[in-house]
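Spelled out from the first residue to the last, the chains are:
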Amino acid sequence: MKNILELFSGIRWQDILDIGLNSYILFRLYALFRGTHVLRVIIWLALLWFVQRISVSLGLIVTSWAIQGITAMGALIIIVVFRNEIRNVLQARRFKSFLWGFSSKSPVTPVEIVAESIAELARRHIGALLVFPGKESLHDAVQNGISWRGQISKEMILSIFWPDNPVHDGAAVIQGQQVAEVGVILPLSYRKDLPSYYGTRHRAALGLAENTDALVVVVSEERGHVVVAKKGRMRTVNRQEELVEILRMHQGISDDAEERRKRENFRIGLAAFVCLIFITGVWFSFTRGQDVLVPMEVPIEFVNRAAKMEIIDSSTSAVQLHLSGSASLMKSIRPEQIRVRLDLGSAGVGENRFTLSRENITLPPGIGIKTIKPQDIQVQVDVPLKKTLPVQVDWEGRLPDQLIMVKATPFPRNIEVVGPSQVVESLSAIYTKKVMLPDLQGSGTLEADLDLEPSSLKIAPGASRRVQIAYTIKEREN
Amino acid sequence: MKRFFLLMGLLPLAVLALGACSASHAQEAVPDEQPITQAVPTLAKAVMCEDIQEFKPKNASVVFSISRGKVFCYTFFDPVPEQTFIYHQWIHRNKLNTKRRLYLQTPRWSSFSSIQLRESDKGPWRVEILDQSEKVLTVLTFSITD
């Protein structure tokens, strides 16, 4: 119980929004693709991904690797193989329907008229082949259809299959209240156990029924029998009422409209619930699974500094953070997502002390922070100041005992320097770097660099940091 | 002829007296704007040296070996209008090391100060000569080396 409470503790409103948003996106994908092959394949891929996660957690190296490869290939296969279905779904809908609403079921075929037409065809021994598509697309299974789009009527159906009609040999596809296509070529079945009196029409009907979920009605030209093919099975239908019932069942038409509506609502509700559960599971596996602790060094950003102020020194320029979160989130962290900011708005001239807290640190969602080292930061802030200082030579070593240096004049005599006011104000001269005395044998000149110490001290623009020294050496008086 | 020379001698004195009188008037007109002038000694000579012998600097130099043990700052003021004092301010690497007050006597006076050298005294030094009001009269620079 405690573990469950810990799992749910610390959930923010952003997390709930995150789960809700992604659940809705998944649900909308279901709504758009339901009834197509794509959705089934996506569900299989989701299951594969789930298995892959389990195999990773169990340490099944090859299995997880293989499933990962299959999943990646599967995603590619979906796009290539089902490009037509995807295109149909995306093209057929308005933008609003992507976000809201459900595709209305296709209009119900007037099965009585169709059944009566088929019965009439049978009585007259006119061969016919009628296809009633199921949820699957026929696009890849059939060929050479001629678009018809005629409102269903007994006369029309009879005329399509009338022997002198050029399209009477092909199949007619019935969709909703229309004859959508005629002269359609169906794939033939290669089964060898079919009765000898079954002709090409029967083989074509069975071929399509084997490959898709469509229902195909065949009217035998010779015998005047009506045969129905579905899911690879053929059945002779003797009575018109029986045919009506079969067609109704195929279309999922129930006599009770209220019951049908309830069933549809239940299906949608169940889908929404499954989407929510699935995304919640994914979210928890990402954010709560396998908590790890990762150390990370992050540079400090000093912000909101007053325009005239300059940072002279700080006790540290980076802090060590110990971040906690799920292993998968940790792996996806990019360094630029973590920022440590120190507001210098309240800083005054001199040394300022700040204590870093969680408020100073920006982290990606789902990542926590355990420790900050060091937490106390000293920042020295100052205003830059210019000052002209006399140059003085810093001699080192020792002249021979008989020699004495009586004069040493640097040129230029004065140098303008820039630096923090506290530093510059404390200076009364600027020194050269060490100049070695033993190297000198007599009077002369030499060059030396200025020693800019501390490092915050700079030579003013235009001035040189190298000076010339004219020196005079004489014999010592005894 | 004797009178003529006497007259010629008195004439410049009379001109000087008139000038002094007018200057005195001018001072009275703006008494607050003129600072109260102080008789300051004139620095005639200032050197760093290895020793002082008979009130004179010996071996004036700008580099002193620590082995000598001592270094002197010699100053000579001429004239010294009135008894006053000056400062020798010894500075090592921008840090004040010591500040000595030295009294000057009329009409001229030489004075000196010195420091005992230690190992930590190596490096560039400066002695600022200040008057009574701490105005810098001159700055002497030198180095203490090995």
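The structure reproduced in this document is the subject of the present report. (Residues numbered from 1 in each chain as written. Chains lettered and ligands numbered in written order. Predicted model: local features only at pLDDT ≥ 70, side-chain atom pairs only at ≥ 80, totals over all residues. Heavy atoms only, no water.)

## What about empty space enclosed by the protein?
Reasoning step 1: This structure, assessed with the given rule, holds three cavities of 30 Å³ or more.
Reasoning step 2: As a volume, the largest cavity reaches approximately 130 Å³.
Reasoning step 3: Taken together, 15 residues form the lining of the largest cavity, with L399(A), L403(A), R476(A), V63(B) and S65(B) sitting closest to its centre.
Reasoning step 4: Secondary structure elements with two or more residues in the lining of the largest cavity: β18 (403-411) of chain A together with β3 (63-65) of chain B.
Reasoning step 5: The dominant element in the lining of the largest cavity, judged by the number of residues it contributes, is β3(B), at three residues.
Reasoning step 6: Residue composition of the lining of the largest cavity, grouped by class: six nonpolar, three polar and six charged. (1 Å grid on protein atoms, 1.4 Å probe; cavity = no way out; pocket = protein on both sides within 12 Å on 5 of 7 lines; lining within 4 Å. Points joined across faces, edges and corners; volume = space filled by probe spheres on them. Helix = DSSP H or I, 4+ residues; strand = E, 2+ residues; numbered from the N terminus. Nonpolar A, V, L, I, M, F, W, Y, C, P; charged D, E, K, R; others polar.)

## So, the interface of chain B and chain A
Reasoning step 1: Taken together, the contact pairs 21 residues of chain B with 22 residues of chain A.
Reasoning step 2: Summing both sides of the interface, chain B and chain A together bury roughly 1700 Å²; the carbon and sulfur share of this comes to 45%.
Reasoning step 3: Three residues stand out in chain B for area buried against chain A, namely N59(B), V62(B) and N94(B), and they jointly supply 28% of the buried area on that side.
Reasoning step 4: Here chain B and chain A share two salt bridges between them.
Reasoning step 5: Here R93(B) and D394(A) are joined by a salt bridge, their closest N and O atoms 2.7 Å apart.
Reasoning step 6: The interface formed by chain B and chain A contains 15 residue pairs in polar contact (both at pLDDT 80 or more). (Contact = heavy atoms within 4.5 Å. Buried area = accessible area lost by both parts, 1.4 Å probe. Salt bridge = Lys/Arg side-chain N within 4 Å of Asp/Glu carboxyl O. Polar contact = N/O pair within 3.5 Å; in protein donor to acceptor, adjacent residues only side chain to side chain.)

## A look at the layout of surface pockets
Reasoning step 1: The space that makes up the second largest pocket amounts to roughly 580 Å³.
Reasoning step 2: Lining of the second largest pocket is provided by 25 residues; of these, A408(A), R413(A), V139(B), L140(B) and T141(B) occupy positions nearest its centre.
Reasoning step 3: Those elements giving two or more residues to the lining of the second largest pocket turn out to be β16 (384-392) and β18 of chain A together with β1 (43-53) and β9 (136-145) of chain B.
Reasoning step 4: Classifying every residue of the lining of the second largest pocket gives 16 nonpolar, six polar and three charged.

## Comments concerning a nonpolar patch on the surface
Residues and elements named next belong to chain A.
Reasoning step 1: A contiguous nonpolar surface patch, about 560 Å² in accessible area, is contributed by M73, L76, I77, I79, V80 and V81.
Reasoning step 2: With respect to the element layout, V81 can be found in helix α4 (residues 61-81).
Reasoning step 3: A relative accessible area of 44% means that V81 is categorised as partly exposed. (Patch = residues over 30% accessible without salt bridge, like charges linked within 9 Å, V, L, I, M, F, W, Y side chains within 5 Å. Areas by Shrake-Rupley, 256 points an atom, 1.4 Å probe, with all protein chains shown as cover. Buried < 20%, exposed > 50% of the residue type's maximum accessible area, 1.4 Å probe, protein only.)

## Considerations on the packing of aromatic side chains
Reasoning step 1: Taken as a whole and judged by the stated rule, the model has 12 aromatic pairs over all chains.
Reasoning step 2: On the basis of an interplanar angle of 85° and a centroid distance of 5.2 Å, the ring pair of W283(A) and F284(A) is categorised as edge-to-face. Considered together, W283(A) and F284(A) belong to a single accessibility category, that of buried residues.
Reasoning step 3: A ring pair is formed by F85(B) and Y87(B), whose centres lie 5.6 Å apart and whose planes are at 80°; its orientation type is edge-to-face.
Reasoning step 4: Judged by relative accessible area, Y87(B) falls into the buried class, the value being 10%.
Reasoning step 5: Members of the aromatic cluster, joined through ring pairs, are F64(B), W90(B), W125(B) and F142(B).
Reasoning step 6: Over the ring of Y197(A) we find R223(A); its NZ or CZ atom is 4.1 Å from the centre of that ring. (Phe/Tyr/Trp six-rings, centres within 6.5 Å; stacked < 30°, edge-to-face > 60°. Lys NZ or Arg CZ within 6 Å of the ring centre and 35° of its normal.)

## Let's talk about the pattern of salt bridges
Reasoning step 1: If you walk through the whole model with that rule in mind, you get 27 salt bridges over all chains.
Reasoning step 2: The partner of R476(A) in a salt bridge is E50(B), and the shortest N-O contact between them spans 2.4 Å. Separated into two different chains, R476(A) in the segment after β24 (466-475) and E50(B) in strand β1 make up a pair that spans both. For the pair formed by R476(A) and E50(B), the shared burial category is buried.
Reasoning step 3: Two residues, R126(B) and E128(B), come together in a salt bridge whose shortest N-O distance is 3.7 Å. For the pair shown, R126(B) and E128(B) are each scored as buried.
Reasoning step 4: Taken together, the shared-partner salt bridges in this structure form one network comprising E116(A), E120(A), R123(A), R124(A) and K154(A).

## Concerning the sheet that holds strand β5 (residues 84-92) of chain B
Residues and elements named next belong to chain B.
Reasoning step 1: A sheet is described by the order of its strands in space; here five strands give the open sequence β3-β9-β8-β5-β6, paired in mixed fashion. Each edge of the sheet is formed by a strand with only one pairing partner; in this case those strands are β3 and β6 (95-104). Each neighbouring strand pair of the sheet contributes to a mean axis angle of 25°, computed without reference to strand direction.
Reasoning step 2: The sheet contact formed by strand β8 (residues 123-130) and β9 spans eight bridges and is antiparallel. Paired with R126 across the bridge in β9 is T141. (Pairing = 2+ DSSP bridges. Axes fitted to C-alpha atoms, helices over the stretch in contact; angles between N-to-C directions.)

## As for the pairing of β8(B)
Residue and element names in this part refer to chain B.
Reasoning step 1: Most of β8 is tucked away: eight of the eight residues are buried.
Reasoning step 2: Where β5 meets β8, six bridges bridge the pair, whose relative direction is antiparallel. Bridged to W90 within β8 is V127.
Reasoning step 3: As consecutive antiparallel partners, β8 and β9 are separated by five residues, and within that stretch E134 has a phi angle of approximately 65°, a positive value.

## Digging into the side chain of S189(A)
Reasoning step 1: For S189(A), the position within the fold is in the loop between β4 (178-184) and α9 (200-211).
Reasoning step 2: Within the structure, the side chain of S189(A) is placed 3.3 Å from the backbone nitrogen of R191(A), a separation counted as a polar contact.

## Looking at the side chain of S61(B)
Reasoning step 1: Looking at the secondary structure, you find S61(B) in the loop between β2 (56-60) and β3.
Reasoning step 2: A polar contact is formed between the side chain of S61(B) and the backbone oxygen of M405(A), at a distance of 2.7 Å.
Reasoning step 3: Excluding its chain neighbours within four sequence positions, the residues that come into contact with S61(B) are I404(A), M405(A), V406(A), M48(B) and C49(B).

## Considering unusual backbone geometry
Reasoning step 1: Note that the residue after F411(A), namely P412(A), is joined by a cis bond; omega there is 0°.
Reasoning step 2: Among the secondary structure elements, P412(A) is positioned in the loop between β18 and β19 (414-420).
Reasoning step 3: Residues T106(B) and P107(B) are joined by a peptide bond in cis, for which omega reads -10°.
Reasoning step 4: If you trace the backbone, P107(B) turns up in the loop between β6 and β7 (109-116).
Reasoning step 5: Not every positive phi belongs to a glycine, and R149(A) is a case in point at roughly 50°.
Reasoning step 6: On the secondary structure map, R149(A) appears in strand β2 (residues 146-151).

## A word on the pairing of strand β7 (residues 233-237) of chain A
All names here are of chain A.
Reasoning step 1: Inspection of the sheet shows strand β6 (residues 226-230) paired to β7 by five bridges, in the antiparallel sense. Opposite V226, over in β7, you have V237 as the bridge partner.
Reasoning step 2: If you look at the hairpin formed by β6 and β7, you'll find two residues sitting between the two strands, and K231 has a positive phi there, around 50°.

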